[in-house]
Amino acid sequence: MKTISLNIDGKYIRTTEGNSILAAARESGIYIPTLCYHPRTRQAGKCRICVVEVKGLPGLQVSCSIQAQDGMVVLTNTDRVIETRKMIVELYLSSGRHDCLSCEASGECELQDAAYHLGITKSGFPVIDKNIPVDHSSPMIIRDMNKCIQCYRCIIGCDDIAVNEVLDMGYRGSKMTVVCDTDKPMGKSSCVVCGECVQLCPTGALVEKKAVGKGRTWEIEQVKTTCPYCGIGCQMHLHVKDNKIIKVTGVEDVEPNYGSLCVKGRFGYDFVHAPDRLKTPMIRKDGRLEEAGWEEALDYTAKRLLEIKQKHGPDSIVGIGCARSTNESNYVMMKFMRMAIGTNNVDHCART
Ligand code: SF4
Ligand code: SF4
Ligand code: SF4
């Protein structure tokens, strides 16, 4: 890959040929606001707040969509650029129901951030409330298209990352909005509830239902961990408040999942705080399950395995490994079955 150099705001920077001006600026820590661009979705070129001036080119250029060239001179902070960005953000704020005080996304909303960085306190345009009914039909996702800025991230994420092709832009003009399938409620559409679109949405248009009202972003600690559900080992952030998990998101910039999660990994965390969760071994005595200590449970298991082996032979016993266990634990279980029990009846729950 060839390296080129260009000048952004008086600073000489080097970048790989083929990168956009936005990517080159980001690599060098130069802030250019964006709403539609996301590293995981292809460039959308929709929001146009990433405009910059490029010496020798007429008008303003959309920095996510124009390639950096060797020797290029770029200005990201001129009065013309700032005024244009302000106008675009004000138009976004006026084209929906942006009631930040009660919005679930407040504190992590990229539209709110852009308004803050541009010093916008209120839109200079009359507010157009589209009055679109909020869609609560999905078991896990709330869709409020009154807060949608039509950035296309959810559509691209569903098409190209989740590869489910549920979402698209429907209708025309001022009625244009994101629709599921042929404009069905999300809960009645072909959505598989992976939550990719929720993670990519820059505003409060798509939020996780279970997390609503559970805590503001600044009250939440993010704990990085590995998903417990299968052997892929997706990296996730647990959003924790008062020692309780209130939401899970994928970690964006690391293998193996780069932010994506399946429905179980993203939404299936209730078991952690389930009141009937097993916390000790249980032994059935006189037909009833009773709590037991680990020593008692292990002695009981060893005694019963020995009895069964002596009475019915080793092949009457089967060992099933768990997808949530480590490779090492499953290896030990396999060795135990073959060496201690004396059977090759070993399998894995991911196959059953
Ligand atoms: S989506 Fe963003 S700008 Fe709109 S109400 Fe929510 S926090 Fe405010
Ligand atoms: S939850 Fe997943 S499948 Fe459903 S619309 Fe969003 S990205 Fe598509
Ligand atoms: S729902 Fe969110 S991600 Fe989708 S177009 Fe609207 S603002 Fe963008």
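Residues numbered from 1 in each chain as written. Chains lettered and ligands numbered in written order. Predicted model: local features only at pLDDT ≥ 70, side-chain atom pairs only at ≥ 80, totals over all residues. Heavy atoms only, no water.

Enquirer: I keep staring at the overall build of the chain and nothing clicks. Help me out?
Expert: Looking only at helices and strands, the chain features 8 helices and 16 strands. Here the chain has a C-alpha radius of gyration of 27 Å; the compact-globule value for 352 residues is 20 Å, and the former is much larger. Seen along its three principal axes, the alpha-carbon backbone of the chain occupies a region of about 90 × 50 × 40 Å. For the chain, long-range pairs separated by at least 24 residues make up 55% of all intrachain contacts whose partners lie at least 6 apart in sequence. Surface accessibility of the chain: about 20,000 Å² in total, with carbon and sulfur atoms responsible for 53%. (Helix = DSSP H or I, 4+ residues; strand = E, 2+ residues; numbered from the N terminus. Rg over C-alpha atoms; globule rule 2.2 N^0.38 Å. Contact = heavy atoms within 4.5 Å. Areas by Shrake-Rupley, 256 points an atom, 1.4 Å probe, with all protein chains shown as cover.)

Enquirer: Honestly, the sheet that holds strand S1 (residues 3–8) in this entry has me stumped. Any pointers?
Expert: By definition, the strands of a sheet pair up through backbone hydrogen bonds, in either a parallel or an antiparallel sense. Read across the sheet, 5 strands follow the order S2-S1-S5-S3-S4 without closing on themselves; strand pairing throughout is mixed. Unpaired on one side and paired on the other, strand S2 (11–16) and strand S4 (61–62) mark the two borders of the sheet. Pairing analysis gives 6 bridges linking S1 to S2, with the strands arranged antiparallel. Residue pairing for S2: leucine 6 is matched across the bridge by isoleucine 13. Of the strands in this sheet, strand S3 (51–54) and strand S5 (73–75) touch helix H2 (residues 79–94), which is tilted by about 160° from S3. (Pairing = 2+ DSSP bridges. Axes fitted to C-alpha atoms, helices over the stretch in contact; angles between N-to-C directions.)

Enquirer: What is the right way to look at the nonpolar core in this model?
Expert: Side chains of a nonpolar character, in soluble globular proteins, are inclined to be buried together. Among the nonpolar cores identified, the biggest contains 21 residues, and Leu6, Ile8, Ile21 and Val74 are the most heavily contacted of them. Those elements that place two or more of their residues in this core are S1, helix H1 (21–27) and S3. Per-element tally for this core: the top contributor is H1, with 4 residues. Beyond its immediate chain neighbours, meaning those up to four positions away, leucine 6 contacts Lys11, Tyr12, Ile13, Thr15, Ala24, Ala68, Gln69, Gly71, Met72 and Val74. Counting residues in hydrophobic clusters, the runner-up holds 20 residues, among them Met145, Val166, Cys197 and Cys201. (Core = buried A, V, L, I, M, F, W, Y, C linked by side-chain atoms within 4.5 Å. Buried < 20%, exposed > 50% of the residue type's maximum accessible area, 1.4 Å probe, protein only.)

Enquirer: Would you mind going over the packing of aromatic side chains with me for this structure?
Expert: The description of an aromatic ring pair rests on the distance of the ring centres and on the angle between the ring planes. A full pass over the atoms with the stated rule returns 1 aromatic pair. Aromatic pair tyrosine 229 and phenylalanine 271: ring centres 6.0 Å apart, planes at 75°, arrangement edge-to-face. Taken together, the positions of tyrosine 229 in the loop between strand S10 (221–226) and strand S11 (235–241) and phenylalanine 271 in the loop between helix H6 (263–267) and strand S13 (282–285) put the pair 42 residues apart, joining distant regions of the chain. What makes phenylalanine 271 partly exposed here is its relative accessible area of 30%. (Phe/Tyr/Trp six-rings, centres within 6.5 Å; stacked < 30°, edge-to-face > 60°.)

Enquirer: Where do I start with helix H7 (residues 294–312) in this structure?
Expert: Since the α-helix advances by 3.6 residues per turn, residues separated by three or four positions end up pointing in the same direction. In this model H7 runs 26 Å from its N-terminal to its C-terminal C-alpha over 19 residues, within 8% of the 27 Å that 1.5 Å per residue would give. Glycine 313 occupies a position one or two residues after H7 and carries a positive phi of about 90°. (Expected span 1.5 Å × (residues − 1).)

Enquirer: Would you explain the site of ligand 3 in this entry?
Expert: Taken together, the neighbourhood of ligand 3 is formed by 14 residues, with Cys148, Ile149, Cys151, Cys154 and Cys201 sitting nearest. Across the shell around ligand 3, the residue classes break down as 11 nonpolar, 2 polar and 1 charged. (Near = heavy atom within 4 Å. Nonpolar A, V, L, I, M, F, W, Y, C, P; charged D, E, K, R; others polar.)

Enquirer: Would you mind going over the side chain of arginine 266 with me for this structure?
Expert: Structurally, arginine 266 is set in helix H6. One buried charged residue, arginine 266, forms no salt bridge at all, with the nearest opposite charge on glutamate 196 at 4.6 Å. One polar contact links arginine 266 to glutamine 199, side chain to side chain, over a distance of 2.6 Å. The contacts of arginine 266, once residues within four sequence positions are left out, are Cys194, Gly195, Glu196, Gln199, Val248, Thr249, Gly250, Gly259, Ser260 and Leu261. (Lys, Arg positive; Asp, Glu negative; His and termini not counted. Salt bridge = Lys/Arg side-chain N within 4 Å of Asp/Glu carboxyl O. Polar contact = N/O pair within 3.5 Å; in protein donor to acceptor, adjacent residues only side chain to side chain.)

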